[in-house]
Structures are given as structure tokens and as C-alpha cells.
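This is what each chain is made of:
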There are 2 protein chains.
Amino acid sequence: MAAVDPAGHVTSPAGFRAGAAFAGVKTYGDGKLDLAILVSDYPCMTAAVYTRSRLHAASIDINRAKLAVRPARGVVVNAGVANASTGERGLRDGYELARLAAGHAGIPAEEMLVCSTGVIGHFLPMEKLGGAMPSIVLHRDGGPEFARAIMTTDTRPKSGAVRFGPYTIGGSCKGSGMIHPNMATMLAFLTTDAPVEGVFLQQVFAKAVDDSFNLVSVDGDTSPSDTALLFANGAAGGDPIRLGHPLAWEFEAALRDLCVYLAKEIARDGEGATRLIEFTVTGAATVEDARKLVRLLSTSYLLKSAVHGADPNWGRIAAVVGRSGVDLNEEAVTIDLCGTRVFERARPTAFDADALSAAMRASEVEIRVDLGVGSAAATGWGCDLSADYVAINADYHT
Amino acid sequence: MAAVDPAGHVTSPAGFRAGAAFAGVKTYGDGKLDLAILVSDYPCMTAAVYTRSRLHAASIDINRAKLAVRPARGVVVNAGVANASTGERGLRDGYELARLAAGHAGIPAEEMLVCSTGVIGHFLPMEKLGGAMPSIVLHRDGGPEFARAIMTTDTRPKSGAVRFGPYTIGGSCKGSGMIHPNMATMLAFLTTDAPVEGVFLQQVFAKAVDDSFNLVSVDGDTSPSDTALLFANGAAGGDPIRLGHPLAWEFEAALRDLCVYLAKEIARDGEGATRLIEFTVTGAATVEDARKLVRLLSTSYLLKSAVHGADPNWGRIAAVVGRSGVDLNEEAVTIDLCGTRVFERARPTAFDADALSAAMRASEVEIRVDLGVGSAAATGWGCDLSADYVAINADYHT
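What counts and how
- Residues numbered from 1 in each chain as written.
- Chains lettered and ligands numbered in written order.
- Predicted model: local features only at pLDDT ≥ 70, side-chain atom pairs only at ≥ 80, totals over all residues.
- Heavy atoms only, no water.
- Buried < 20%, exposed > 50% of the residue type's maximum accessible area, 1.4 Å probe, protein only.
- Helix = DSSP H or I, 4+ residues; strand = E, 2+ residues; numbered from the N terminus.
- Pairing = 2+ DSSP bridges.
- Contact = heavy atoms within 4.5 Å.
- Buried area = accessible area lost by both parts, 1.4 Å probe.
- Polar contact = N/O pair within 3.5 Å; in protein donor to acceptor, adjacent residues only side chain to side chain.
- Domains from an automatic or database assignment.
- Salt bridge = Lys/Arg side-chain N within 4 Å of Asp/Glu carboxyl O.
- Nonpolar A, V, L, I, M, F, W, Y, C, P; charged D, E, K, R; others polar.
- Axes fitted to C-alpha atoms, helices over the stretch in contact; angles between N-to-C directions.

Go over the pairing of strand β8 (residues 187-192) of chain A, please, and point to the residues and values.
Residues and elements named next belong to chain A. Counting buried positions along β8 gives 6 out of 6 residues, so the element sits mostly inside the fold. A two-sided burial pattern is seen for β8, the buried positions comprising Leu187, Phe189 and Thr191 on one face and Ala188, Leu190 and Thr192 on the other. As judged from the 6 bridges shared by strand β7 (residues 167-174) and β8, these two strands associate in the antiparallel manner. Across the sheet, residue Cys173 finds its bridge partner in β8, namely Ala188. The pairing of β8 with strand β9 (residues 227-232) spans 6 bridges and is parallel. What sits directly across from Ala188, in β9, is Ala228.

What follows is the structure, encoded as C-alpha cells:
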């Protein structure tokens, strides 16, 4: 695992600037910033991964259309209004927001992407956003304020950076549940000063997102706006990284490690969460089976409740394994909870429930399931389910 | 819809007797009954539907094996210990419990089925169960005590009966979450005094279960012990009902209506639930799509939380529709909440949020989604998510 520097951020790599302002759209939370721009001083290669939701936000259509024509080198993000379910006017507003940001940053409008997060079904308050845009100061140390401005129900900003060879990758993300009205869409923005060949960049990024953000679950609800972007500007020089380049694997590993770090930050900050849960499935017949079981475990109401109560309730894990439909050998299935074997040979072990409960009160709880039929594996992350989650999502009114 | 008599139960049809006793296994809840027998005075045709979990309880194996050889005419049920994940000894104990019950009821051991519900990974306390068995009095009015004895975390017994032609169908079920240690497995027992041909009985029952119990969700967790049994003893006389019999369709409709009634009782009594939610999906391309969306809607943390808070949060419904992967026409999708259109033409309508919130405080909340692409439909049931659910499942220790 490459060492992730938690003090790093999107402007840690050379040649990126960022800044933020308060447009008065996000009316909750601390640190009143709700409009941010990230821009590269140089042309970029750009990779993007989007939500698979059929009912997606305007920003998804806009970014897809732009990136189909040429790479982008910047993104404007607003928090408070998601510009989703807003039809034609939503598309026009999104293009206009990008145009305003591009003008302010001094780049072509076609090279500025746009992301919006917040309430669904409301139009972007264009006057407020346009009014605040000129006050954004883009600077080399703007990463931290960018990270704060993109937050919605997040309780803290989520950033990090990692080094490989002579290069840096930085990133920030937001998200702590798929929330309406505070639509806590998952957004992730990554930057690198490495030169990377475009097709390779997209392949490596898609894989990194699949192994990180796509294996995180707070409540199993995908948002219509989920977006992950990666800009590679080559500012640190050198030959473009592609398959066969001496640093290709280091780049892939470093990018994956940073994405995993950021994904875990999302799970840790899940709405109402008190602890992070790491789910590892091994011995699966296929990677698809392993990933499917990770996702089912991370979204089980009963298992999330048990972890919240520090209850070493292996039966809830076994029940999810049983209903998952994945290929397994019942006699060979093993379940480990915080490093303690609790189930094997189709039977619970004689573990010390009090000691295990105490271990489960740590800030990170590890659950491992071996299916005993193959060699495929997957790891994902989630969080416990607390009464606070219900309060956040039931007692707040639209 | 056939009129379901909520005062009816498993001994409402002619020729069935039931009774219960307290063996001291179920140490929680009111009405200390935890061992019950249901038996027919005459040979039966028997239909059964089981959990699809790969890690199932001993009772599933036992009942499958018995019914593969001959129809059964009785079942013994114990609550408090599920006899799941108990290996060979679990199988021996289950067979022995059935043998003891059959002896007490005066029928061949092969014709007595067995169901167990409660904690996983514990052996059946055979001495206690055997000791209590002789005190069970089997009588024609035993249905209500049978219904109470099979409860675990249920807050109330769930029974009903329905008439068709000269015949009666009765039933009881239990379940309010898939809970360990109080493994609230879904168990359903139905009886009828109609004569029904065996293969037809199984076909009709499987379909009725699919349209009722299989479309109910409290928390999405399938238990290893879920079982539904239907005994048809023909005590009311007449020609066996089969395809083409004048009452075939009436039987099918009546059975389905009773199963739906009982399934809704389960959702209504979901752990921590304060209201029943009915989900109807129409305009789907296929029944599979409609059923899939019903299940996704009924298990969404965000939607269940919104209903708990009486929040007319159509965005959470739209988000589930979007991520469901079902075929849809975005421009034609409509969403109705408590009879009010809240979303159409890819946009929210101008509904009165306060009036709708007030309507959502009723004991039943109706959510309808039309996908605008076909004519397939499905209806299912769930409940809201309350802080009490978390308390029940986190604060109780194994």
C-alpha cells in the first residue's frame, strides 16, 4: 500500500489551482463555502466514471457530451442544489455555470466540467452562483477550501495525496449517504502531475473506482449524480505513462490506494456512523460473487445494527451469506470477526463473546468470510446503522 | 378480494385440531407458549415452500425429506431455538421432536413435519420440549393458542380465514424481521377443508406465496428457516379441486387473498414499524422488473426513513427507480404518493407538501410507480424504519 498523506489534496500535484466562495445556496453545515473551481494550468488528459442510475442529473449529460469531444482541464462544483430532475432548463443552467467558471478561470468553456450536489428537483440559483463566481481566488493552496465547499451532509472534508516515482496524485471526495434534500451524492476529484496516455488513464481509473468507491456503501442508495473525475496534466514532465511504461503499475497501485483511502473516509463519515466496517470475502468462485457478497453484507440492516451494538452476532453474517446466492461450500465456509474465528464447519466456534464485543467497540471492525470454493476475493467498506441515521433521514423535512 | 375474517385461524376449517404448551424455551414476550402442534383428523395433501437460503435450518431438510415420500398431516413448531447451524445433531433432534409430537397426536411419525424458530447455533432443548409435549391438548378451538405459541419478536399473533364455495381456508403466520438471537423467521401455516389434488395444490400455493410472503420485506434479510405449509384434508367433502374444477379459480383467489392478508400483517408488525407501506409498480416491461423494483423500494433505508418522518420525499423514490436497472421511459415515469401525483415528465409536480405529509401519517402509506414501458405490474409491502428498529437490533445482545 502506498502511503497516503492525509494532508494532501487536489492541488498537491504541480500545475493545479483551486478556490471557493459562498454563494448562499447551501444553508446548513459549517464553513459556508458552496461553490468551487478546480483548474489545471496545462491541458489535461481526463478520465470520468459516472453513476449507473437511469435517472441521472444534468451534469452527467453535460460532462459526457464535453468529454466525448475533447479532454477537460477544470471542473466547477456547487453544493446545495443537485440540478437533477430539472429537464432542459437544468441542462442550460449547467452549461451556463460551466461557461461562467471557465471565463473566470481563463480556459475554453468546453474544457470546464460541472458537478452539482444537493436537493433534487430544484433549479440552480444562477444569479447567486454567477454573483459569487468572481470572488473565487484560484491558487496553488486552494485544495482544502475546494474540499470544504463540495461537502453537503459530510461532517468533515475528505482529502489525501500519494506519491509514485517523481509524481503526485491528489484527491478530494464528498458523500455520507444518498440524501435528499441534502443530496449527499458521492463526488470524487483526483489530480496528478504525471503525464498519462488517455485510454490508459480511463482504464486504470475505472478499475480503481470499481475497487474503491464502488465497494463503499452507507445505505445502498445510488445517487443520480455520482461522479468521479481524474485530471492528469503532465506538469511534472516525462514520457506519457501507458501500458509497458516502467511506472505503469506503480501509477495504477498508487491511484487505487488513494481511491481506497478516500472511499474509506466516506464510509467512516457515513450518516450517523460510529465505526467503519471493512468486509473481505475470499475463497469465492468468481470476483463477481465476492463483490456481490461484499455489497450484500455492507447493506444488511441487521448486520449494521449488530456492529452498532458491538454484538458479535455471527448468525447475521451467516444469514447474509446463505441468502446471497453465491457459490459456497457450506462445510468449508469460515467467518472471522475482528480477527476471531466465529464460524467454521457449518457451526459456531466456542469464542469469548465478551472479549469479542469489546474488540468490536474499536473505530474499525473487520469482517472476513471465506466461501471455500475458489480463489477470488474482494474488499469493501461500510458503516454501522445508528438511531442517528434514522433521525437524520426521517426527522428532517423537505 | 375475498373477505378475510381476522378472527379465523388454522382450526377454522373442519377436521383440524391444534394446541400449545410452554416448555420454558422462549424467555421473552407475553403469553408464554413456545411449543405447538397442528394436526388434521384426516390424511392431507400437503404443499410447502421454503427459504432459498443456502445455509438453511435442520427443519428444512427434514420436511423436504418427509414430503418427498408422502404427504404430511401435521406440524410441530417450537419457538426460541431455531435449530439452525446445528449439523447432524440438529437433524436427529428435529426428527425426534416430530416423532414425539406424532406420538402425542396419534399419527405416524412420517406424517408430522417440524418447524423451529429462534436463536441460531443452539441445540434444541429436547428434555424441556419432550417434557412439555404431553401437556398439549389438541382441540378444535386451538388455532389462537397455536398462533401465539409460534411468535418470537412479533408483538401480536397473525391469523385469518377466508371462505370459498362450501370451503374454508385458515392460516397463521409469524415474523417481524430476520432476527438473531430472536430469529424472527417467517413461518406460515395454512389449512383447508377443501379436497385438492396434490400437484395443483403445490402449484397454486407456490404462486400465492410468491405474490404475498415473497413480496414482503421488513429488512431484506431472508432467514435460514423460512417455511410456508398448506394442508388440505378434504373434510368438507366434494370432488378434488384441480385445474378445470368449477372452484379452481375461486380456490386460487381465496388462498392468494389470505396469504396477502397475512403477509401484510407481517409488514405491519415489522420491528419498530409505525406504518405499513404498500408498493405498486405498473407499466413495467416484465413482471420480473416490477417485482424487482417493489423489492428495492421496500428495502431502501432512505425511503423507509422518509416514510417514518412522513416526509413526501419523492426524490428518494425516483433515486431507487433510477438505480434499479429496470426498463423505463424517463419522460413517462410517474410517481404517486398516498394518491397524489408527485413526479411526472421527469419533473416533480407542484403538490401541497404539508397536506401530503399529513396524509402520510396514516397507518398505511401507498406508493405507486408507473414505468411507462409495458403492462406488467406487482404489489408488495414493507414498513417504515424507526430508531426503535435499531434499538431492537443493536442494543439487544446475543
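Tell me about the interface of chain A and chain B, residues and numbers included.
The interface is formed by 60 residues belonging to chain A together with 60 residues belonging to chain B. For the pair chain A and chain B, the summed buried surface comes to about 4800 Å²; carbon and sulfur atoms form 57% of the total. By the criterion of area lost to chain B, the three top residues of chain A are Arg54, Leu55 and Tyr301 of chain A, representing 17% of everything that side buries. In this structure, the connection of chain A to chain B is made through 3 residue pairs in polar contact (both at pLDDT 80 or more). Elements that contribute at least two residues to the side of chain A that touches chain B include exactly α8 (301-308), α9 (314-323), β13 (347-348) and α11 (387-394) of chain A. Among the elements that take part in the side of chain A that touches chain B, α9 of chain A stands out by supplying 9 residues, more than any other.

Give me the lowdown on the domain arrangement of chain A, citing residues and values where you can.
All names here are of chain A. Domain boundaries in chain A define domain 1 (16-266) and domain 2 (276-394). For domain 1 and domain 2, the distance between their C-alpha centres works out to 32 Å. Each partner contributes to the interface: domain 1 provides 13 residues, whereas domain 2 provides 16 residues. Interface of domain 1 and domain 2: buried area, both sides summed, is about 1200 Å²; carbon and sulfur atoms make up 53% of it. Counting the surface domain 1 buries against domain 2, the share from its top three residues, Leu215, Ser217 and Lys264, is 51%. Along the contact surface separating domain 1 from domain 2 lie 3 salt bridges. With a shortest N-O distance of 3.6 Å, Glu278 and Lys264 are connected by a salt bridge. Summed over the shared surface of domain 1 and domain 2, the number is 4 residue pairs in polar contact (both at pLDDT 80 or more). Residue composition of the side of domain 1 that touches domain 2, by class: 5 nonpolar, 4 polar and 4 charged.

Explain the sheet that holds β13 of chain A to me, and be specific about the residues and the numbers.
Residues and elements named next belong to chain A. Read across the open sheet, the 6 strands follow the order β13-β12-β11-β14-β10-β15; overall the sheet is mixed. At either margin of the open sheet sits one strand with a lone partner, and together these are β13 and β15 (376-383). Where strand β10 (residues 276-284) and β15 come together, 7 bridges link them in antiparallel fashion. Opposite Ile277, over in β15, you have Gly382 as the bridge partner. Along the sheet face, α9 touches β11 (334-337), β12 (340-344), β13 and β14 (364-370) and points at about 135° away from the line of β11.

Break down the sheet that holds strand β3 (residues 45-50) of chain B for me, citing the residues and quoting the values.
All names here are of chain B. Across the sheet, which stays open at both edges, the 5 strands sit in the order β3-β9-β8-β7-β6 with mixed pairing between neighbours. Whereas interior strands pair on both sides, the edge strands pair on one side only; in this sheet they are β3 and β6 (158-164). Each strand of the sheet is rotated relative to its neighbour by a mean of 10°, with strand direction disregarded. Running over the sheet, helix α1 (residues 58-69) touches β3 and β9 (227-232) and is turned about 145° from β3.

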